[in-house]
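Structural overview for review
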Amino acid sequence: MFYRLSGVHHADYVSDSRIFKVPADRNLTAFIFLIGLAAPFIIPSLYLNSYLLPWLIWTAAALGLNLVTGWAGQLHLGYAAVMAVGAYSAIHAARFGVPWEFALIIGGLTSSVIGSLFAFAALRVKGLYLALTTLAMQFVMDWVLTHSPAISGGSHASLQSPTLALLGQEITTDTGFYYVAFGWCVLVTIFMLNLKRTGLGRALVAVREKDFAAAILGVNSFYYKILAFATSSFIAGVSGALLVATFFFLAAPEQFSVAVSIQVLAMVIVGGLGSIIGSYFGVALILLVPGIVNGLVVTLSDGLGMQIDVETLAHIPNAVYGALIVIILLIEPLGLGKLYGNIRDYLMVWPFDQFKK
Amino acid sequence: MKRLTKALAVFSMVGGALFGTQALAEPFKIGICYDLSKAYTFATPQVSQAAMDLAKLINMKGGIGGEPVEVIVRDHGNEPQRGIECYSKLSREGVFVFDTLSTPVSLAILPRAMEDGRILMQSLVGRGDAVDGTVFEWVYPIGPTYWGQAANDVAYIKQLHDGDLSDVKVGFVYFDYPFGQEPIEILKTLSEKEGFKLELYPVPLPGSDQAGVWSKVRRDNPDHVIVWMLGGAHVVASKEMQRNRIPMDKYISVNWLNEVDIANIGDEAAKGIKRGTNVVGGQDVALYQEIMTELYDKGEGSGPIEKTQDVFYNTGLAMYSIMFEAARKAAELEGLPITAKSYKAGLESLEGFDANGLMAPITVTAEDHGGGGKTRIEMWDGETWVPQTDWISEYTDVVWDVVKESSSQYEQ
């Protein structure tokens, strides 16, 4: 009824390797894309600027982490450090006079090089040991940032980002920043959608499921792991640079601390490992819900005329938010993406499959 | 009263929206985007309680220029992203004076405030070079910078040694990240200038393990130890000092040392401990007494009374006295409604303001947004804080050299 299908059936390989196997999915995506394009005209600037924009950039970043953690199955606890590398190198390049287009690519490539160099060493171990090694990378990066004023921008460790300019156009408006973020997020999403149906994507999944089994099948697991790290680091680097260029306007070590690394990992896990739409949901939950719940609780207590002291008021949203994560993971351990998938599957041929039961 | 204020606020907002008039002035609002749930909770509850109490007191006395004042307290959990959200949201509700009491969030808001022309107060946090008003037009770090505080600590040590520091050894124990590293440059410069020997002792975060640091201090045996740490780290330090038999009176803390830390160290054990401060500690302060009789004795305080018996409450009173005084000046100078521009003028007309003996007198100018950066050294005598110096602000030329050098990098 909603999807106008009797089920998903493939008659040839071409139809099996389509990005959207269900036409309704494609239509929905196109619709959301159009809303995204029109957002600056239909969404008030407060929401555009303080919710939508960071959401899109963090989604791009989370998709990058999902590539290495969700697809290739390698736990990564130093993702924010990689973002920091990209952000700082892009800003330094831009301050040096390199045009922003190249500065962003420089940021991405530097991240990619450092991320995969680190992976070379880290990938000699697996599983939890790898997680700890990547955590070490985070601490190394924190230390470097707080101890080298030349990189982090003076004794206050804050580095001003020059005005973003792309294609000869200076970007200074909220709308402009939004479109940059939107464009980047769409690019990463398209890349990830296509990754699924390429040999590379299948190799990564094989490595995730069992790396030595993949090796027996002729998939060089070490090579693909490095490749996953390099690609995801590139996405991280550009996302980090854009985050600073369009949202923070200056880079500070706290923006890329270990807490942020864990937050991005939480986004990916709550959203669903290996799920693209899940990354969107996960980021929304981890990044935006605390602020929204905070606002709701404040409005509620004001509206009811309750005299709650500010500290309690600040802690209630944290409790709600924590409970929300636990509840979601209890209901569906595979994350919000899977939750959406369940609903979609249920409605796929509804109501006709009900007759079978 | 509160309901009336609220009704008035709603009424004037509706009126303003319907008729687009400027005549119906809104209350003067201060946006308090604080970290009430994560890293800064050692001070934010006391400071925000002080802000709310002060706003209540001012409204009881008829507000500013006949208009009520309002403080809006929101939590940002020390996350830059949520700080920006708080800033953007309140900006659209007509707030143009903000305080964050968090260095990361202050840094994140600064470019926006500069761009939008809104006032960012950042006493005791954020980048210290923002005292340079010629570069940071809209940022007011009123109170001492960490650089100024460290310089004043050295000036105090110089007083103790009758003006000769040539054979004095000063240790500097600090959190090994930007907060603690900030004063190093100034201490190095002063050590060259005054000829004292400087020893650096970095403490890794979160400061719960300082055994190595203090045994090294014992071996080097400096005459004084300047300490740049927060909260529980003071307690750990005092334990290690006792273990190493280092007398407590060598300890000169940054302003972030309060009664809670003293209680945790133990009133007796803490005897002799010193701190730099820009406010008068204790309850023997006119404004504090007034708040007690007008609010807490009538059961109208904004929180538990215990939280007011804390130097950070006084710090909060000082910060918000300055902000409301500036609003009063603005209303006097350019009338109601107060705008960001007139408020700026109000701030810059503050001269020798000390909130009736609550804090170091401040004089804000268009060049110096720090208000002079005066502090004094106080010593804990087992029961209360005893001032050791007058309000001083020394080596200002050295401090301003560092400020100018750093602020010149911002504009690039």
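Anything mentioned here points back to the structure above.
First things first, this report covers the structure right here in the doc.

Criteria and thresholds
- For every chain, the first residue of the written sequence is number 1, and numbering continues from 1 along that sequence.
- Each chain takes a letter, starting from A, and each ligand takes a number, starting from 1, following the order in which they are written.
- Given that the model is predicted, a residue must reach a pLDDT of at least 70 before its local features are reported, and side-chain atom pairs must reach 80 or more before they are shown or counted; all residues, however, enter totals for whole chains, interfaces and linings.
- By convention in this description, side-chain values take in all heavy atoms of the structure and omit both hydrogens and water.
- The numbering of helices and of strands both runs from the N terminus, where a helix is a DSSP run of H or I of at least 4 residues and a strand a run of E of at least 2.
- As a reference, a globule follows 2.2 Å times the number of residues to the power 0.38, and the radius of gyration itself is taken over C-alpha atoms.
- Residue burial is assigned from relative accessible area. The probe radius is 1.4 Å, only protein chains are included, and a residue is buried under 20% of its type maximum, exposed over 50%, and partly exposed in between.
- It only takes one pair of heavy atoms within 4.5 Å for two residues to be counted as in contact.
- Here Asp and Glu are counted as negative and Lys and Arg as positive; His is not counted, and neither are the chain ends.
- For the purpose of locating charges, the reference atoms are NZ of Lys, CZ of Arg, CG of Asp and CD of Glu.
- Classification of ring pairs rests on two measures: the distance between centres of Phe, Tyr or Trp rings, Trp counted by its six-membered ring, which must be within 6.5 Å, and the angle between planes, read as stacked under 30 degrees, edge-to-face over 60 and tilted in between.
- For a Lys NZ or an Arg CZ to count as sitting over a ring, it must be within 6 Å of the ring centre and within 35 degrees of the ring normal.
- The criterion is simple. A nonpolar core is a set of buried Ala, Val, Leu, Ile, Met, Phe, Trp, Tyr and Cys residues joined through side-chain atoms within 4.5 Å.
- For the purposes of this description, domain bounds are those given by an automatic or database domain assignment.
- Two strands are said to pair when DSSP picks up at least two bridges between them.
- For any pair of parts, buried area is found by adding up, for both, the accessible area (1.4 Å probe) each one loses once the two are put together.
- Nitrogen and oxygen atoms within 3.5 Å of one another constitute a polar contact, given that in protein one can donate a hydrogen and the other can accept it, and given that sequence-neighbouring residues count only through two side-chain atoms.
- Each residue gets one of three labels, nonpolar for Ala, Val, Leu, Ile, Met, Phe, Trp, Tyr, Cys and Pro, charged for Asp, Glu, Lys and Arg, and polar for the others, Gly among them.

Our focus in this paragraph is the overall build of chain A. Secondary structure summary: chain A contains 15 helices and four strands in total. Rg of the C-alpha trace for chain A: 22 Å, near the compact-globule value of 21 Å for 357 residues, within the 12% margin. For chain A, the residues scored as buried account for 51% of the 357 residues in total. Considering only contacts within chain A whose residues lie at least 6 apart along the sequence, 75% involve residues at least 24 apart. Side chains of chain A carry 17 positive and 16 negative charges; the gap between the two charge centres is 15 Å.

Okay, the packing of aromatic side chains next. Enumeration according to the criterion identifies 30 aromatic pairs over all chains in this entry. Note on Phe177 of chain A and Phe249 of chain A: the rings are 5.3 Å apart at their centroids and 50 degrees apart in plane angle, and the pair reads as tilted. Placement of Phe177 of chain A in helix α8 (residues 174-195) and of Phe249 of chain A in the loop between α11 (221-248) and β4 (250-251) is noted, with a sequence separation of 72 residues between them. Seen from their ring centres, Tyr177 of chain B and Phe179 of chain B are 6.2 Å apart, and the 50 degrees between their planes marks the pair as tilted. An aromatic cluster of at least three residues, connected via ring pairs, comprises Tyr146, Phe172, Tyr174, Phe175, Tyr177, Phe179 and Trp228 of chain B. Here the basic side chain of Arg275 of chain B rests over the ring of Trp385 of chain B, its NZ or CZ set 3.6 Å away from the ring centre. The ring of Trp391 of chain B carries Arg376 of chain B above its face, with NZ or CZ at 4.5 Å from the centroid.

Once that is clear, we can look at the nonpolar core. Formed by 141 residues in total, the largest nonpolar core has its most connected members in Tyr320, Phe324 and Tyr343 of chain B. Of all the elements, helix α12 (residues 311-334) of chain B adds the most residues to this core, at 14 residues. The residues that make up this core include at least three from each of domain 1 (2-144 + 282-348) and domain 2 (146-277 + 375-411) of chain B. The residues contacting Tyr343 of chain B, other than those within four sequence positions of it, are Phe28, Phe96, Val97, Ile119, Met323, Ala326, Ala327, Ala330 and Ile338 of chain B. Judged by nonpolar contacts, the second largest core, of 94 residues, contains Ile57, Leu123 and Phe247 of chain A together with Ile84 of chain B.

All names here are of chain B. Strand order across the open sheet formed by five strands is β2-β1-β3-β4-β5, with parallel pairing between neighbours. Looking at which strands have only one partner, the edges of the open sheet turn out to be β2 (69-75) and β5 (139-140). Bridge count between strand β1 (residues 28-34) and strand β3 (residues 97-99): two bridges; the pairing is parallel. Note on β3: the bridge partner recorded for Ile32 is Asp99.

In this section: the interface of chain A and chain B. Listed per partner, the contact involves 41 residues of chain A and 40 residues of chain B. Across the chain A to chain B interface the summed buried area is about 3500 Å²; carbon plus sulfur atoms make up 53%. The interface formed by chain A and chain B includes 11 residue pairs in polar contact (both at pLDDT 80 or more). For the side of chain A that touches chain B, the secondary structure elements donating two or more residues are α3 (45-71), α6 (127-147), α11, α13 (276-303) and α14 (310-331) of chain A. Broken down by element, the side of chain A that touches chain B gets its largest block of residues, eight residues, from α13 of chain A. Counted by class, the side of chain A that touches chain B contains 17 nonpolar, 19 polar and five charged residues.

Here the focus is the environment of Lys239 of chain B. All names here are of chain B. Its location among the elements puts Lys239 in helix α9 (residues 232-243). Using a relative accessible area of 48% as the deciding quantity, one classes Lys239 as partly exposed. Considering only alpha carbons, one finds Lys239 and Ala269, 30 residues apart in sequence, at a separation of 9.3 Å.

To continue, consider the environment of Leu53 of chain A. Residue and element names in this part refer to chain A. Among the structural elements, Leu53 can be located in helix α3. Once the C-alpha coordinates of Leu53 and Ala30 are considered, the two residues, 23 residues apart in sequence, prove to be 19 Å apart. Sequence-distant contacts of Leu53, defined by excluding residues within four places in its chain, comprise Leu48, Phe177, Tyr178, Ala181, Thr246 and Phe247.

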